[in-house]
Amino acid sequence: HGSMFARAAVSTAARRFPQRGLACRALRRWRLAQPGRRVHTGVCVASTSFSDDIRGYDRTASSTSNNNTTNPTRPNSGVTVSIPHLTALLLDLNNEGQHIIRAVVAKGDLVVLDKNKKNDKHGTTELDAQTEADRRVEAHVLRALRSFCPDLVVVAEESYENPTAVIQETDTFDDLTHLNKSVLAPFPSGKNAVVPKSYFSQRAMTMDSERSSHDSSISSSKPPLDWPPHLLDEIDTSRVVVFVDPLDGTNEFAGGARECVTSLMGVAVDGTPVVGIIGQPFFENPDDANTRLGRIVWGGRGLGIFGLDVTPRHLTDDSVELSPKQLTCCINRATKDDRLDQVIADLNLDVLHKVSATGFHFLLLLEGKADCALLLRPGTKKWDSCPGEALLRACGGSVTDAAGRLYDYGNAKYALNKSGLVSTRDARRHFQLVSAARGVAMRNERHNEVLSEVPNTFSYYPLNVSDKSIRNSITPSVIMADAGSTVTKYHTVTESTRTQKATAPPGGWRALTVDVGGCLLTPKEKVVDTYMRVAKSIHGLDTARVTETKILSAIRSGFKKPVPHGNPEGIRYVGDGRSFWRGVVFDAMGGELTDYELEKALNLLYEHYEKPTSWHVAPGAKEAFQLLRKEGIAVAVVSNWDTRLPTLLRACGFDESHFSHVVVSAEVLSDKPEARIFEIAMERINQSIIREGGGNTITASQVLHVGDSTVNDVDGALKAGFGGALLWNSTPKTGAAFDFAEIAEAILQSRRV
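Keep in mind it's a predicted model, so treat the numbers as computed, not measured.

Novice: How do you make sense of the overall build of the protein chain when you look at a structure like this?
Specialist: The number of helices and strands found in the protein chain is 22 helices and 25 strands. Out of the 753 residues belonging to the protein chain, those deemed buried represent 58%. Carbon and sulfur atoms form 50% of the exposed surface of the protein chain, whose accessible area is close to 31,000 Å².

Novice: Help me understand empty space enclosed by the protein, please; the structure alone is not making it clear to me.
Specialist: Over the atoms, a rolled probe matching the size of one water molecule traces out where space is still vacant. In the structure shown here, the tally under the stated rule is six cavities of 30 Å³ or more. Within this model, the largest cavity holds a volume of roughly 230 Å³. Thr272, Arg471, Ser730, Pro732 and Phe738 are, among the 21 residues lining the largest cavity, the residues nearest its centre. Listing elements by their share of the lining of the largest cavity, those giving two or more residues are strand S8 (272-280) and strand S25 (736-737). Residues of the lining of the largest cavity, tallied by class, amount to seven nonpolar, eight polar and six charged. As a volume, the second largest cavity reaches approximately 110 Å³. Taken together, 14 residues make up the lining of the second largest cavity; nearest its centre are Thr358, His361, Leu375, Thr380 and Leu421. Within the residue set of the lining of the second largest cavity, elements represented by two or more residues are helix H10 (358-366), strand S13 (372-375) and strand S15 (421-424). Taken together, the residues that form the lining of the second largest cavity break down as eight nonpolar, six polar and no charged.

Novice: How do you make sense of the pairing of S15 when you look at a structure like this?
Specialist: Residues in a regular strand project their side chains so that they alternate between the two faces of the sheet. Side chains Leu421 and Ser423 project from S15 onto one buried face, and the interleaved Val422 and Thr424 project onto a second face that is buried too. Pairing analysis gives four bridges linking S13 to S15, with the strands arranged antiparallel. Among the inter-strand pairings, cysteine 372 is bridged to a residue of S15, identified as threonine 424. Examined bridge by bridge, strand S14 (residues 398-400) and S15 share three bridges and lie antiparallel to one another. Counted as the bridge partner of serine 398 is threonine 424 from S15.

Novice: When you look at helix H13 (residues 527-537) in this model, what are you seeing that I'm missing?
Specialist: Given 3.6 residues to a turn, an α-helix orients residues that are three or four positions apart in the same direction. Taken together, the buried positions of H13 are occupied by Val527, Val528, Thr530, Tyr531, Val534 and Ala535. Taken down its axis, H13 places every buried residue within 160 degrees of arc, on the same side.

Novice: Teacher, can you tell me more about the packing of aromatic side chains here?
Specialist: Evaluated as defined, the whole model comprises 18 aromatic pairs. Relative to phenylalanine 654, the ring of phenylalanine 625 lies with its centre 6.4 Å away and its plane at 40 degrees, an arrangement referred to as tilted. With phenylalanine 625 in helix H17 (residues 621-630) and phenylalanine 654 in the loop between helix H18 (645-651) and strand S22 (661-664), the pair connects residues that are 29 residues apart, well separated along the chain. The class of phenylalanine 625 is buried, set by a relative accessible area of 0%.

Novice: Is there a simple way to think about the nonpolar core in this case?
Specialist: Nonpolar side chains in soluble globular proteins generally cluster together in the buried interior. Counting residues in each nonpolar core, the largest one holds 69 residues, and the members touching the most others are Leu520, Tyr531, Met589, Phe625, Phe740 and Ile743. At six residues, helix H16 (residues 595-610) tops the list of elements feeding residues into this core. Ranked by size, the runner-up nonpolar core spans 55 residues in total, among them Val79, Val104, Leu247 and Trp298.

Novice: Help me out: how do you make sense of the confidence of the model for the protein chain in this one?
Specialist: In low-pLDDT regions, the fine details of the predicted coordinates are not to be read closely. Residues of the protein chain with pLDDT of at least 70 account for 77%, and the chain-wide mean is 80. Low confidence marks residues 6-25, where pLDDT is under 50. Its contacts with residues over four positions away, or in another chain, come to 37 contacts. Note that pLDDT drops below 50 for residues 482-492; the model gives that stretch 11 contacts with residues more than four away or on any other chain.

Novice: Please explain the side chain of arginine 393 as it appears in this structure.
Specialist: Tracing the chain through its elements places arginine 393 in helix H11 (residues 382-394). Note on arginine 393: relative accessible area 14%, which makes it buried. At a separation of 3.4 Å, a polar atom in the side chain of arginine 393 contacts the side chain of aspartate 739.

Novice: What am I meant to see in the environment of tyrosine 414 here?
Specialist: For tyrosine 414, the location among the structural elements is in the loop between S14 and S15. Separated by 32 residues in the primary sequence, tyrosine 414 and lysine 382 place their C-alpha atoms 8.1 Å from one another.

Novice: Mind showing me how you'd approach the packing of helix H15 (residues 578-588) against H16 here?
Specialist: Each packed pair of helices is defined by two parameters, the angle between the axes and the distance between the axes. Orientation of H15 relative to H16, taken along the N-to-C sense of each, is 115 degrees, at an axis distance of 10 Å. Here H15 and H16 pass one another in a crossing that is right-handed. Counted together, Arg578, Trp581, Arg582, Val585 and Phe586 of H15 and Leu598, Glu599, Ala601, Leu602, Asn603, Leu605 and Tyr606 of H16 form the full contact between these two elements.

Novice: What exactly am I supposed to notice about the packing of helix H3 (residues 83-107) against helix H4 (residues 132-148) here?
Specialist: Direction vectors running N to C along H3 and H4 enclose 155 degrees, while the axes themselves pass 9 Å from each other. In terms of their interaxial angle, H3 and H4 are classed as roughly antiparallel. Along this stretch, H3 crosses H4, giving a crossing that reads as right-handed. Seen from H3, the contacting residues are His85, Leu86, Leu89, Leu90, Leu93, Glu96, Gly97, Ile100, Ile101, Val104 and Lys107; seen from H4, they are Glu132, Ala133, Arg136, Val137, His140, Val141, Ala144, Leu145 and Phe148. Residue classes in the contact of H3 with H4 are distributed as 13 nonpolar, three polar and four charged.

Novice: What is the right way to read the side chain of asparagine 94 from this model?
Specialist: Mapped onto the secondary structure, asparagine 94 falls in helix H3. Excluding residues that lie within four positions of it along the chain, asparagine 94 makes contacts with Ser263, Met265, Ile277, Gly279 and Ile296.

Novice: Looking at this structure, how should I read the sheet that holds strand S12 (residues 350-354)?
Specialist: Strands in a sheet are paired, the pairing made by backbone hydrogen bonds, and the direction either parallel or antiparallel. The strand order across the open sheet built from five strands is S12-S11-S13-S15-S14, with neighbouring strands paired in mixed fashion. At either margin of the open sheet sits one strand with a lone partner, and together these are S12 and S14. In this sheet, neighbouring strand axes are inclined to one another by 20 degrees on average, regardless of whether the strands run parallel or antiparallel. Note: strand S11 (residues 328-331) against S13, three bridges, orientation parallel. By the bridge assignment, cysteine 330 is partnered in S13 with alanine 373.

Conventions adopted
Residues numbered from 1 in each chain as written. Predicted model: local features only at pLDDT ≥ 70, side-chain atom pairs only at ≥ 80, totals over all residues. Heavy atoms only, no water. Helix = DSSP H or I, 4+ residues; strand = E, 2+ residues; numbered from the N terminus. Buried < 20%, exposed > 50% of the residue type's maximum accessible area, 1.4 Å probe, protein only. Areas by Shrake-Rupley, 256 points an atom, 1.4 Å probe, with all protein chains shown as cover. 1 Å grid on protein atoms, 1.4 Å probe; cavity = no way out; pocket = protein on both sides within 12 Å on 5 of 7 lines; lining within 4 Å. Points joined across faces, edges and corners; volume = space filled by probe spheres on them. Nonpolar A, V, L, I, M, F, W, Y, C, P; charged D, E, K, R; others polar. Pairing = 2+ DSSP bridges. Arc of directions from axis to C-beta. Phe/Tyr/Trp six-rings, centres within 6.5 Å; stacked < 30°, edge-to-face > 60°. Core = buried A, V, L, I, M, F, W, Y, C linked by side-chain atoms within 4.5 Å. pLDDT = per-residue confidence, 0-100. Contact = heavy atoms within 4.5 Å. Polar contact = N/O pair within 3.5 Å; in protein donor to acceptor, adjacent residues only side chain to side chain. Axes fitted to C-alpha atoms, helices over the stretch in contact; angles between N-to-C directions. Left-handed = near helix turned anticlockwise from the far one by under 90°. Parallel < 35°, antiparallel > 145°, perpendicular 65-115°, else oblique.

Here is the structure:
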């Protein structure tokens, strides 16, 4: 393993192709094979798509297909919102809501109403309380969000459950004498017109320096947050849903259990929770009695967790055994469910917390005070689970229904989590809980089966529930074989020969190969913005000739031109890739550069993209790869890149615990979509299996590939005979994925079926 990253290393300081190593030997072998060492400059066979190769120019989903979301027909509104601005507003509103809740308590009368009109299975009525604090906080939040963006879809508990209730246009809060009105910020004056008031909201709007410099409301004194690139550009409101529970744990609140009260806010994009906010208005810091009441815990995918010192148990920590006896559990205080009792008994769970407050459950998991939370029946709503799922998945946890399936948050109509809720801090433990829940359900079904000796395995809960908010499982693209044929080889892959299926190969997936640019790593700054900034920094360069249109045109045409003279046919990158990028940069900078200006621009661009701070790492990738490696799944990089890639990956925090191999086109002299680069990756994986005595070698049909290019990654992997391929794309659709944790869970699940 020690030489895995060094295999394609290059001396970036000398800016030259290394004189030793496999890449250099492969190039020499190729040159010696050429008659008279003449070089034939052929057209590059790799994709000519700009977004395929420039890694992150098209940051947001370009497809309108939403096959995996619960709201596939929702048309674009034409109105866009900024997720960082929306998050900042929600953070301020959460802080204000906590002050209002405490002021209502200080007034002395909660004005409790019972919303529940149903009985539990024992015939006793369960209180479903609603207080004055619930109503007034929600109305305040809805007024502010309406002022921010009237087109935004907001699913809030009280108004959802009572849609005919009138929301007051104003509330002076004059009757709340204990409320400090100075904490209440003015409502936004329009779309994205947010002036952050609290520390939390100011932090949310510390984006990258280029964007922050154009927004006077953003403090430049704080380091920028690592917002995922696809969330930095404004997003059409048709893709966004905001969930609000103004006061979670109302039953506990009405009964005087203040610690359990939380205020929940979540943001979902394309059906996936991306931001979670949990406010705890009566939290008291045990280490500082002088600290004011309340706290806010927030974060999300790619951001991490703020407001809480989250030290998640590493998925690969060998000191942590997976014995079920170690698991501590949260359950609902009012839950009466025989299945839950059986699961607790089967896994010998230690039920430390019985409280009817989902938000509080999530806090206990985040703080490490509990390992899991179980509700094996309908009960929670999307406003309960969206914030916690965003937070837990941001630190390596899992949230699914009782069968291990993900919920889809893309449709406001389906607010009830009809299929239960299982939440854990550790993905490996999650499978234990879900398997136990399904085992109990199947056991009960067999016990009740009287009409057939073989029960229907899909007739037990929750698989017997029609739940339209369940996200479809990851469905890789595969090659569609001809009828009656056992082996089919395609020289080209087209829409007619590519299809999707939900099944994995027998025994499950044994290896995952991963693309880098636009998938594992994405530029934090748009490529055109980087080029424009570099052009302006070069003294004497006529920047009037450098336009966004010219940069785009130069890069696109560069990928369509024949490969540079001296390169092997069809090989774009040799060594550090300068032979290719020099011509692209020359055209992008106006085409009339002196040698000094060209080398200056090229050097500055190379320096920028060699910095790990220039790249956004796909959220959850490191944890997912470590989990797969720990479970015996090979993980390898297959990328069209120059030989500097291993150094960059290590600088970005990757090492041998994440990848078994890094296969770079400039090293092996094969560019995707050619089959050879995929075959080399599989050969190296098998060599490691043989060397380490790891059992049977893998076949191509047992390998799953993921990347952001339809041509280079999906078609290339399928043409190489791989069992499946996923397109890395933020729009939920068949054949696509946008979460390495979800991919890892699907791979592990395929080996357990």
